[in-house]
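Per-entry structural report
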Amino acid sequence: MPFIHNSYESVKDLLFPRLCCGCGERLSIGERLVCAHCQTTLPLEPNRDWSFNRRKTLWHDHDRLMRMGALTRYERGNVASEIIRNLKFHRHYELGDWMGRTAVQLLRDTDLFDGVEFLVPIPLTARRQRSRGFNQAASIAQGMAAELCIPVRTDILKRLRDRESQTHFALAQRLDNADHVFSLLSDSDVAGHHLMIVDDVMTTGTTMLGALSVLEALPDTQISTFAWAWAYVPALT
């Protein structure tokens, strides 16, 4: 039976080759989603001081913010960016679970997830979610939750609007534009707990800051943030 199964898999791979979501090369039998080479060459974020790094110090006036972390560095064309592109725009839904699980497995020996009780993925507007078919941040959070054994809460934040492209705005203007993007849906049982906001990629942090600012209204609540990738921004690295 194992021989028949392996032969079937070999024929299927020949007729319908599976490609790596990181480099686009054919996956070997036994590889899934991301090839072994891409997994071992992920551009990992080198700064593991989650409670004191350049990004966090920019938000020093947010005293509820405990830690800010990321797994990888995002630069156009690198493995991290290709994985995110395949997740968001090629509807590799199962890739989010792999990304979340991989993040926890590679960062478990740091203190990033210590004490976190709920994962809160950045929501999409209803229109954007219908168009995309899923929420990539929520799919990453589900993979993280499976490893951390804590709940994902999609009933806490609501996204009110999509922001226009930020590329033509200065940093200060981008941060101002974080206002009024999110609102609280519920605070019934998460106030006083440690929440982690989850997103796929963070550049200047405008989106994450908008979510953080809303969650800070919850009394006695601690907040941490996680992005699967931090985009390279010279002013922030």
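Residues numbered from 1 in each chain as written. Predicted model: local features only at pLDDT ≥ 70, side-chain atom pairs only at ≥ 80, totals over all residues. Heavy atoms only, no water.

**Considering the sheet that holds strand 2 (residues 118-121)**
In spatial order, the strands read 1-6-5-2; together these four strands make up an open sheet with parallel pairing. Only two strands of the sheet have a single neighbouring strand rather than two, namely strand 1 (65-74) and strand 2. Within the sheet, the average angular offset between the axes of one strand and its neighbour, ignoring direction, is 20°. Where strand 1 and strand 6 (residues 222-231) come together, seven bridges link them in parallel fashion. Its bridge partner being in strand 6, alanine 70 is matched across the sheet by alanine 227. (Pairing = 2+ DSSP bridges. Helix = DSSP H or I, 4+ residues; strand = E, 2+ residues; numbered from the N terminus. Axes fitted to C-alpha atoms, helices over the stretch in contact; angles between N-to-C directions.)

**Points about the pattern of salt bridges**
Pairing is possible between side chains of opposite charge, provided their charged atoms come close. Under the counting rule described, the total for this entry stands at eight salt bridges. Ionic pairing is found between glutamate 82 and arginine 85, a salt bridge with its closest N-O pair at 2.5 Å. Of this pair, glutamate 82 and arginine 85 both sit in helix 4 (residues 79-89), three residues apart, which is roughly one turn of the helix. For aspartate 189, the salt bridge goes to arginine 153, with nearest N and O atoms at 3.0 Å. Of this pair, aspartate 189 sits in the loop between strand 4 (182-184) and strand 5 (194-202) while arginine 153 sits in the loop between helix 7 (136-148) and strand 3 (157-159), placing them 36 residues apart in sequence. A cluster of three or more residues bridged by salt bridges with shared partners is formed by Asp97, Arg101, Arg108 and Glu147. (Salt bridge = Lys/Arg side-chain N within 4 Å of Asp/Glu carboxyl O.)

**Points about the pairing of strand 6**
With nine of ten residues buried, strand 6 is to be regarded as a mostly interior element. Two elements, strand 5 and strand 6, share eight bridges in a ladder whose sense is parallel. Bridge assignment links leucine 195 to a residue of strand 6, and that residue is isoleucine 223. Regarding the hand of the β-α-β motif, the stretch spanning strand 5, helix 9 (residues 206-215) and strand 6 is right-handed. (Buried < 20%, exposed > 50% of the residue type's maximum accessible area, 1.4 Å probe, protein only. Right-handed = clockwise from strand over helix to strand, strands pointing away.)

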